[in-house]
Amino acid sequence: MSDIPVSKAFADTERETEADRFGMWIFLATEAMLFGAILLGYFILRLKYHDAFAAGSSQLSLPLATANTAILLTSSFAMAIGAETARSGALRCAHRALWATALLGAAFLAVKAYEYHDDWDKGLLPALGVFHYTGPNAGEMALFLNFYLASTALHATHLLIGILMVAFLALPSRLPTPRRARRIESVGLYWHFVDIVWVFLFPLLYLVQR
Amino acid sequence: MSGIALHPLSASTAAPGFDLLFLALLGFSTIVGLALLSMIIIWGVRYRKGSLADRSAPQSENNLLEFATIGVLFAVAFGLFGWGAWLFLGRDHVPAGAIHIAGTAKQWMWQFEHDNGEKELNVLHVPVNRPVVVDLVSQDVIHSMFVPAFRVKQDVVPGLTTRLWFEATQTGSFDLFCAQYCGTQHSEMRGQIVVMSEADFGKWLSTRATGKTLAQQGADLFRSLGCSGCHDNSPTIRAPDLRGVYGHPVALASRTTVLADDQYLRDSILQPQKQIAAGYDPIMPSFDGLIAPDDLEKLVAYLESLSPAATSGGQP
Amino acid sequence: MTVAAPDRSTYFAEGAGLRSWLLTTDHKRVAWLYLVSLTFFFFIGGAAATLMRIELVTPQGDLLTDDAYNRLFTIHGIVMVWFFLVPSIPATLGNFLLPLMLGAKDVAFPRLNLASWYVFVFGSLFTLYAIIAGGVDTGWTFYAPLSTVYANGHVSMAAAGVFIVGFSTIMTGINFIVTTHKLRAPGQTWFRLPIFVWTLYATSLVMVLATPVLAATLLLIVLDRLFGIGIFDPAKGGDPLLFQNLFWFYSHPAVYIMILPGMGVVSEVIPCFARRPLFGYKLVAYSSIGIAVFGFLVWGHHMFVSGQSTYAGVVFSFLSFCVAIPSAIKVFNWAMTLRKGQISFETPMLYALGFVGLFAMGGFAGLFLAALGIDVDLHDTYFVIAHFHYIMVGGMVTAYMAGLHFWWPKLTGRLYSEILGKIAAGLAFLGFNLTFFPQFVLGWLGMPRRYHTYPPEFQVWNVLSSAGAVVLALAYLLPLCYLGWSLFRGARAPGNPWGATGLEWRTTSPPPEDNFAIPPVVTGPPYAYAPDVTE
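Residues numbered from 1 in each chain as written. Chains lettered and ligands numbered in written order. Predicted model: local features only at pLDDT ≥ 70, side-chain atom pairs only at ≥ 80, totals over all residues. Heavy atoms only, no water.

Colleague: Sorry, what's going on with the domain arrangement of chain B here?
Modeller: As a measure of interface size, the accessible area lost when the parts come together is often cited. All names here are of chain B. Along its sequence, chain B is carved into domain 1 (99–207) and domain 2 (214–312). Domain 1 and domain 2 are separated by 28 Å when their C-alpha centres are compared. Each side of the interface is counted separately: domain 1 has 6 residues, and domain 2 has 6 residues. Roughly 630 Å² is buried in total at the junction of domain 1 and domain 2, and carbon and sulfur atoms are behind 59% of that figure. Interface area lost by domain 1 to domain 2 is led by Met109, Lys119 and Leu121, which between them contribute 62%. Taking the shortest distance from any N to any O, the salt bridge between Glu304 and Lys119 comes out at 3.9 Å. The tally of links between domain 1 and domain 2 comes to 0 residue pairs in polar contact (both at pLDDT 80 or more). Put simply, the parts of the chain that give the side of domain 1 that touches domain 2 at least two residues each are strand E2 (109–113) and strand E3 (119–121). Per-class residue counts for the side of domain 1 that touches domain 2 are 2 nonpolar, 2 polar and 2 charged. (Domains from an automatic or database assignment. Contact = heavy atoms within 4.5 Å. Buried area = accessible area lost by both parts, 1.4 Å probe. Salt bridge = Lys/Arg side-chain N within 4 Å of Asp/Glu carboxyl O. Polar contact = N/O pair within 3.5 Å; in protein donor to acceptor, adjacent residues only side chain to side chain. Helix = DSSP H or I, 4+ residues; strand = E, 2+ residues; numbered from the N terminus. Nonpolar A, V, L, I, M, F, W, Y, C, P; charged D, E, K, R; others polar.)

Colleague: How do you make sense of helix H4 (residues 88–102) of chain C when you look at a structure like this?
Modeller: Along an α-helix, residues three or four apart share an orientation, since each turn contains 3.6 residues. All names here are of chain C. Here H4 is 15 residues long and its end C-alpha atoms lie 20 Å apart, about the 21 Å a rise of 1.5 Å per residue gives. The principal kink in H4, of about 55°, is found at Gly94. Within H4, 15 of the 15 residues are buried, leaving the element largely enclosed by the surrounding structure. One or two positions beyond H4, positive phi appears at Gly103, with a value near 75°. (Expected span 1.5 Å × (residues − 1). Bend = angle between axes of the 7 residues up to and from the residue. Buried < 20%, exposed > 50% of the residue type's maximum accessible area, 1.4 Å probe, protein only.)

Colleague: How do you make sense of the interface of chain C and chain B when you look at a structure like this?
Modeller: With 85 residues of chain C in contact, the opposing surface of chain B contributes 84 residues. Buried area between chain C and chain B, both sides added, is near 7,400 Å², and the carbon and sulfur share of it is 69%. When the buried area of chain C at its contact with chain B is split by residue, Lys340(C), Trp444(C) and Glu457(C) rank highest and sum to 9% of it. At the junction of chain C with chain B, the criterion picks out 0 salt bridges. Where chain C meets chain B, there are 26 residue pairs in polar contact (both at pLDDT 80 or more). Only helix H3 (66–85), helix H6 (146–150), helix H9 (240–274), helix H11 (310–337), helix H12 (347–370), helix H13 (372–378), helix H15 (418–445) and helix H16 (459–489) of chain C provide two or more residues apiece to the side of chain C that touches chain B. When residues of the side of chain C that touches chain B are assigned to their parent elements, the largest contribution, 15 residues, is made by H11(C).

Colleague: Would you mind going over the arrangement of the chains with me for this structure?
Modeller: When the 2 pairs of chains in contact are compared, the highest contact count belongs to chains B and C. Separated without contact, chain A and chain B have their nearest C-alpha atoms at a distance of 13 Å.

Colleague: What is the right way to look at the packing of aromatic side chains in this model?
Modeller: Think of a pair of aromatic rings as described by two things: how far the centres are apart, and how the planes are tilted against each other in angle. Residues and elements named next belong to chain C. Summed over the entire model, instances satisfying the criterion amount to 79 aromatic pairs over all chains. Ring geometry for Phe191 against Tyr286: centres 5.5 Å apart, planes inclined by 65°, an arrangement best described as edge-to-face. One end of the pair, Phe191, is in the loop between helix H7 (155–182) and helix H8 (195–227); the other, Tyr286, is in helix H10 (residues 281–294), and 95 residues separate them in sequence. Using a relative accessible area of 29% as the deciding quantity, one classes Phe191 as partly exposed. Here Phe196 and Trp407 contribute two aromatic rings whose centre-to-centre distance is 5.4 Å and whose plane-to-plane angle is 35°, an arrangement assigned as tilted. (Phe/Tyr/Trp six-rings, centres within 6.5 Å; stacked < 30°, edge-to-face > 60°.)

Colleague: Teacher, can you tell me more about the interface of chain A and chain C here?
Modeller: If you look at the interface, chain A gives 33 residues, while chain C gives 35 residues. In total, chain A and chain C occlude about 2,800 Å² of area from one another, counting both sides; carbon and sulfur atoms represent 74% of this. Together, Lys8(A), Phe22(A) and Met33(A) form the three largest contributors to the area buried by chain A at its contact with chain C, with a combined 20%. Seen at the junction of chain A and chain C, the total is 3 salt bridges. Run the count over chain A and chain C and you get 5 residue pairs in polar contact (both at pLDDT 80 or more).

Colleague: Sorry if this is basic, but what is going on with the confidence of the model for chain B here?
Modeller: Low pLDDT marks regions whose predicted coordinates should not be analysed in detail. Residues and elements named next belong to chain B. Considering every residue of chain B, the mean pLDDT works out to 88; 95% of them sit at 70 or more. Predicted confidence for residues 310–316 stays below pLDDT 50, and this span has 14 contacts to residues more than four positions away or in other chains. For this predicted complex, the interface confidence reaches an ipTM of 0.92, while the overall pTM sits at 0.89. (pLDDT = per-residue confidence, 0-100.)

Colleague: Any chance you could explain the nonpolar core here in plain terms?
Modeller: Note on soluble globular proteins: their nonpolar side chains tend to be buried together. With 311 residues, the main nonpolar core has Trp110(B), Val134(B), Met145(B), Phe150(B), Ile193(B) and Trp82(C) as its most contacted residues. Residue contributions to this core peak at 21 residues, all from H9(C). Not counting residues up to four positions away in its chain, the partners in contact with Val134(B) are Ile101(B), Gly103(B), Phe112(B), Leu124(B), Met145(B), Thr162(B), Arg163(B), Leu164(B) and Phe166(B). (Core = buried A, V, L, I, M, F, W, Y, C linked by side-chain atoms within 4.5 Å.)

Colleague: What am I meant to see in a nonpolar patch on the surface here?
Modeller: On the surface, a nonpolar cluster with roughly 400 Å² of combined accessible area is contributed by Trp120(A), Leu128(A), Leu226(C) and Phe227(C). Take Phe227(C): it is sitting in helix H8. By relative accessible area, which is 39% here, Phe227(C) ends up partly exposed. (Patch = residues over 30% accessible without salt bridge, like charges linked within 9 Å, V, L, I, M, F, W, Y side chains within 5 Å. Areas by Shrake-Rupley, 256 points an atom, 1.4 Å probe, with all protein chains shown as cover.)

Colleague: How should I be thinking about unusual backbone geometry in this particular structure?
Modeller: The residue after Gln107(B), namely Trp108(B), is reached through a cis peptide bond having omega 0°. Structurally, Trp108(B) is set in the loop between strand E1 (99–106) and E2. The linkage connecting Ala144(C) with the following residue, Pro145(C), adopts the cis geometry, with an omega of 0°. Inspection of the secondary structure puts Pro145(C) in the loop between helix H5 (110–134) and H6. With phi around 55°, Arg151(B) is a residue other than glycine that occupies positive phi space. Along the chain, the position of Arg151(B) falls in the loop between strand E6 (143–147) and strand E7 (152–156). A residue is classified by how much of its surface remains accessible, and Arg151(B), at 5% relative accessible area, is buried. The phi dihedral of Asp380(C) is positive, around 60°, even though this residue is not glycine.

Colleague: In this structure, what is going on with the pattern of salt bridges? I would like to understand it.
Modeller: Charged atoms that come close allow side chains of opposite charge to pair. Residues and elements named next belong to chain A. A complete count under the given rule lists 23 salt bridges over all chains for this structure. Here Arg182 makes a salt bridge to Asp20, at a shortest N to O gap of 3.5 Å. Highlighted residues: Arg182 in helix H6 (residues 177–206) and Asp20 in helix H1 (residues 13–48), separated in sequence by 162 residues. The class for Asp20 is partly exposed, based on a relative accessible area of 22%.

Colleague: Any chance you could explain the pairing of E7(B) here in plain terms?
Modeller: The side chains of a regular strand alternate, first on one face of the sheet and then on the other. Residue and element names in this part refer to chain B. Judged by how many residues are buried, E7 sits mostly within the fold: 5 of 5 residues are covered. Here E6 runs beside E7; their pairing, made up of 5 bridges, is antiparallel. Bridge pairing in E7 places Met145 opposite Gln154. Where E6 folds back onto E7 in an antiparallel hairpin, the turn is made up of 4 residues, including Arg151, whose phi is positive at roughly 55°. (Pairing = 2+ DSSP bridges.)

Colleague: Explain the sheet that holds strand E5 (residues 131–138) of chain B here, please?
Modeller: Within a sheet, adjacent strands bond to each other through the backbone by hydrogen bonds, running parallel or antiparallel. Residue and element names in this part refer to chain B. Taken in spatial order, the 5 strands make up an open sheet running E3-E2-E1-E5-E8, and their pairing is mixed. Two strands close off the open sheet at either side, each with one partner strand: E3 and strand E8 (162–167). In this sheet, adjacent strand axes meet at a mean angle of 25° when their direction is disregarded. Alignment of E1 against E5, held across 7 bridges, turns out to be parallel. By the bridge assignment for E5, Ala105 is matched with Ser138. (Axes fitted to C-alpha atoms, helices over the stretch in contact; angles between N-to-C directions.)

Here it is in structure tokens:
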């Protein structure tokens, strides 16, 4: 199976694979800084308004979010299988794993959409104009709910991009297997990162004082 | 005040300390800068291509020299850091016997209120040789109170109360600038700090030597702009009586109730159609563009004075 | 790759049509795409500045309305910072030279490289449209709540455009880091790399780590403005100082993105024209990384009077003095490189020496501002403007000119008129100082920033500054003319017209598409210059 480097800069694919992997890790570092900055803002305001943020957190749907956490962790497992089987050449198995990953990601988004709909009905989305809470510290709770919407929407956007990439990789392709395996591995790293972001968001948003 | 400015005025207790450190930094920069310039020029000439200077035993590395030079330079520099930090810490220590001023910044003017309730717009009268503390709030965006002659500056941040203090050492009138970009008329958000002798200041404060209080000036405007034509028991037009309005709830035609605060009063003058009082026709004309911002403040001050139960003073 | 006869064709010969340029993955052509775009934006930003300086000739606001002036300084800041300074040397000279200096055929991700240019063009034109069509008058610093609640105009669009351009920066950074790690020639250990590579590497580290924070901040601004999420709005419980902390956490490292590559250029030019190895090479390499690291620790020095705690101010002031140390090491070493050399004063060297002096002056001004007690008076005055223009224009743009003139033969295969080059360099030095030195005086006298009307006693200094701006504008138009002319009529350049070391000089001018006919091998340290005792 011939496998030549994509970029003429590289003499062999081994070097290029290292470069691809390294590049993806650096990209993930930039994503960590992006989410880190937003979470930092969240932290500062949470320290200031702890009670209002705790009250806001208790309004969110913990069951739905727990379900989503399980779905996303499973999808990462599927993705890992996909990357490993692709590397060892078992392409059919890899395909199935990739489709499973994409489907589980889509399931996450579906549950999230349902959750947003539920939040809308309960009046928990002040940024979009619906806010029914009339208790104390309403303004600060609105701040919490806005953060919730902004950060989960940003995460969902990243997840959607991931799903599209995974689905694209699962399509039939004429690329040589090693090159496909490399791409799957890179996308896999991205997928795991998006999962880790959720692992941070979940307790920070849903588990305040539970 | 025209002519050419060649050096800033030095009119506060903080200014000499600042000027001394500035001079020290200038001296440090000049000496090191000249040394650097000499290296470049002297070697540039001596070692120009084709010259007969001695080029034996050149060095491309000398860590000892490097660390020694940088070390000495930065020992001095860190001394300057310490000095600057020490001056800065002085901002937190207000001397005893200070008079208090409540300062409000808004787009695009300054309002200062003295202890006795006296308000000034874009001018602040203070006595010489007495510490003055200004507590600063903003009604909208971030502004910054800057008086170059006193070497003081403090950002005014909405949602916070910040503080600035100074002690003037000369009488006279000194420029006040807004030093944080705050929108369209940032360049025009200026004023004067007028420093008077203790005696003159006392006289000024008690008799308001500049003329009428804000509320009195507002009363004049109320008549000259025609407000009293409708609001003061007019036989032909039915308009709400404005006595006792400020600080109390107002029933609106939209079947809600609103508290008549500063903003309500201003909106009623500039956008009267926004909130119609219940039981009245929406026929009041808008004065948007017809009243200067400081005249608007005087009208508001007058209207506030018509409610003796309410406290004076603007929104936080 | 089999060894063949040396390839005589250059990278220009591989295609001349528009498609061959717009769909290229050759790093050398991508560099040219950037060069053209950046030159365009430089003159847009310059035009805005020219109009501002004309207005400032008189104390009254008689040429422009308040809003027009505010929009102009916003355009000037956004365009110059994000669409010129940040990409300038890395995307043009860096793109062209990094693979050559490493002995490689291209960067690690050539298609990503081209994509970064498209993202840049899309984002920057989008922002330009937003600014011109609707006007943005928040300043390039977008302070909240002015930008989120009170400002009119296309703030969200402009912020979105800058957000997009940020991706271009990140892509370039990733490309450069991976290229430097994975594509060095045989024998090229880290301490045999030219300083230009070290500074590009340090710049790229800052690019990838700081830019995402800007992205997050701009995103929050747009969300606050469009949906009222309230994070920076005190009326809703938000914190305006949070914006400043997030913004400056990016924007201070950003200034090191802007200056580090310039330091790299100067580190190549001075040894070449002094015919001496760079003095203290290892320390200069370490200090490049040091600047990148320390640059992340000092952002609070933009906020000494903002309402930030006094204690925080003391810490940031201390760290700001520390960050001056690696820069001082470099300046000292550049000067020491001249000693016992065989110095000649071609155009690149004139610009490089100008850099050393002007950067040093800007650096001293930085010490003034880092000193807490002094900053209280000088913050947000023309002193700050003078400081950063000495660094960015006197430093960075001068270094860009130095690099452009130094590597012009390599990029184009042509030589430019040396006389015109020297005249432009001298004119730039004079025009620059006339423009910006009076601004130090103005700041000391108390003239605030972003003012288009001012007390009449400040006028004479403003007039001097505006006169200088005219000279400076001429000085920057001149190279546009004679460099452009040289593309068609310049003398052909040999492979190594300056007798410089560095792998890029071991190939033809301009290089062939694959850069080297025979891939080079590195056997010794960089800057292997030795002075000739007799010439």
